[in-house]
Amino acid sequence: MSKAFTKETESDDDDDLSLPPLPAGGKNYITPQGYQRLRTELLNLIDIERPKIVEIVHWAASNGDRSENGDYIYGKKRLREIDRRIRFLTKRLDIAEVADPCLHHGHDQVFFGATVTYENLQGVSRTITIKGIDEVDNLQGEVSWISPIARALLKAREGDEVQLMTPGGLERLEIIKVSYPAPPTSH
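Each value, and the rule that gives it
Residues numbered from 1 in each chain as written. Predicted model: local features only at pLDDT ≥ 70, side-chain atom pairs only at ≥ 80, totals over all residues. Heavy atoms only, no water. Helix = DSSP H or I, 4+ residues; strand = E, 2+ residues; numbered from the N terminus. Buried < 20%, exposed > 50% of the residue type's maximum accessible area, 1.4 Å probe, protein only. Contact = heavy atoms within 4.5 Å. Core = buried A, V, L, I, M, F, W, Y, C linked by side-chain atoms within 4.5 Å. Phe/Tyr/Trp six-rings, centres within 6.5 Å; stacked < 30°, edge-to-face > 60°. Polar contact = N/O pair within 3.5 Å; in protein donor to acceptor, adjacent residues only side chain to side chain. Pairing = 2+ DSSP bridges. Expected span 1.5 Å × (residues − 1). Bend = angle between axes of the 7 residues up to and from the residue.

*Asks:* Any chance you could break down the environment of Ala114 for me, citing the residues and the numbers?
*Replies:* Looking at where Ala114 falls in the secondary structure, it is placed in the loop between strand S2 (96-98) and strand S3 (115-120). The exposure class of Ala114 is buried, given its relative accessible area of 0%. The spacing of Ala114 and Leu154 is 40 residues in sequence and 9.1 Å in space, taken between C-alpha atoms. Apart from the residues lying within four places of it in its own chain, the contact partners of Ala114 are Ile128, Thr129, Ile130, Val178, Ser179 and Tyr180.

*Asks:* So what's going on with unusual backbone geometry? Which residues, and what values?
*Replies:* Within the chain, Lys155 stands out as a residue other than glycine whose phi angle is a positive 75°. Here Lys155 shows up in the loop between helix H4 (148-153) and strand S6 (161-166).

*Asks:* Just give me the short version of the environment of Leu93, but keep the residues and values in it.
*Replies:* Locating Leu93 in the fold gives a position in helix H3 (residues 70-94). We classify Leu93 as buried; its relative accessible area is 10%. Dropping the residues within four chain positions of it, Leu93 is found in contact with Tyr35, Leu38, Arg39 and Leu42.

*Asks:* Account for the nonpolar core, with residues named and values stated.
*Replies:* Ranked by size, the top nonpolar core spans 23 residues in total, and within it Val110, Val116, Ile128, Ile130, Ile149, Leu153 and Ile175 carry the most contacts. Going through the elements one at a time, S3, strand S4 (125-131), H4, S6 and strand S7 (169-179) are the ones with two or more residues in this core. A total of 4 residues in this core trace back to one element, the largest contributor, which is H4. Contact partners of Ile128, with chain neighbours within four places excluded, come to Ala114, Thr115, Val116, Tyr118, Gly141, Val143, Ile149 and Leu153. By size, the runner-up hydrophobic cluster in this structure holds 16 residues, among which are Leu45, Val57, Ala61 and Leu89.

*Asks:* Residues and numbers for the packing of aromatic side chains, please.
*Replies:* Enumeration over the complete set of coordinates arrives at 2 aromatic pairs. Ring geometry for Tyr29 against Phe112: centres 5.9 Å apart, planes inclined by 40°, an arrangement best described as tilted. Pair noted here: Tyr29 is in strand S1 (residues 28-30) and Phe112 is in the loop between S2 and S3, with a separation of 83 residues, a long-range link. By relative accessible area, which is 13% here, Phe112 ends up buried. Look at Tyr29 and Trp145: their rings are 5.0 Å apart centre to centre, the planes differ by 80°, and that puts the pair in the edge-to-face class. Pair noted here: Tyr29 is in strand S1 and Trp145 is in the loop between strand S5 (142-144) and H4, with a separation of 116 residues, a long-range link. We classify Tyr29 as partly exposed; its relative accessible area is 27%.

*Asks:* Go over the side chain of Ser147 with me, naming the residues and quoting the values.
*Replies:* Tracing the sequence through the fold places Ser147 in the loop between S5 and H4. Of the polar contacts made by the side chain of Ser147, one reaches the backbone oxygen of Ser144; its length is 2.7 Å.

*Asks:* An account of the pairing of S7 is requested, with residue identities and associated values reported.
*Replies:* In terms of strand pairing, S3 meets S7 through 6 bridges, oriented antiparallel. Bridge pairing in S7 links Glu119 to Glu174. Bridge count for S6 against S7 is 6 bridges, and the pairing is antiparallel. Within S7, the position partnered with Leu164 by the bridge is Glu171. Remark: 2 residues form the turn of the hairpin made by S6 and S7, two consecutive strands paired antiparallel.

*Asks:* Describe helix H2 (residues 32-61), listing the residues and the values that go with them.
*Replies:* Between the first and last C-alpha of H2 there are 42 Å, a value that for 30 residues agrees with the 44 Å anticipated at 1.5 Å per step. Residue Leu45 marks the point of greatest curvature in H2, where the axis turns by about 45°. Restricting attention to buried positions, one finds in H2 the residues Gly34, Leu38, Leu42, Leu45, Ile53, Val57, Ala60 and Ala61. The secondary structure elements touched by the buried residues of H2 are S1 and H3.

The following block contains the structure:
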């Protein structure tokens, strides 16, 4: 059968494939900066990116034969990608629970948004920041609040020892330092 006669599905199931899992009944915690970044991306897709592609597809469609029209074919594909990302971002922002880590500035207990330095029994130390699942950057030492390491550290204090189950077995970690970003100062 010719490709021209096959129907592409635009099911919402595709959206769920890219959703990182949330605990059942849990909230989607996110920092104010992460929320703003996702919101900015959503508005950019809706106000700038999508209208540009719609214009290209409209122009390409007006040229006649669409079966070998690269601008039309690519444009329609790109529109589907943009629409899928818009649905994803809309869903994530709808369930987002903005939690400002600045509120815990000066505390030594681990909560969402904390930057934690811990050390294992071999003396190897590591520093991580606990963030929302939609904003983590592993290369920057950021972990999701639902990750095993974050769950092990949450609610512990500086000097506490926590246990983390790893593929290599149980690991004991000592919390060396807990810090939070300072609240913004108004001038």
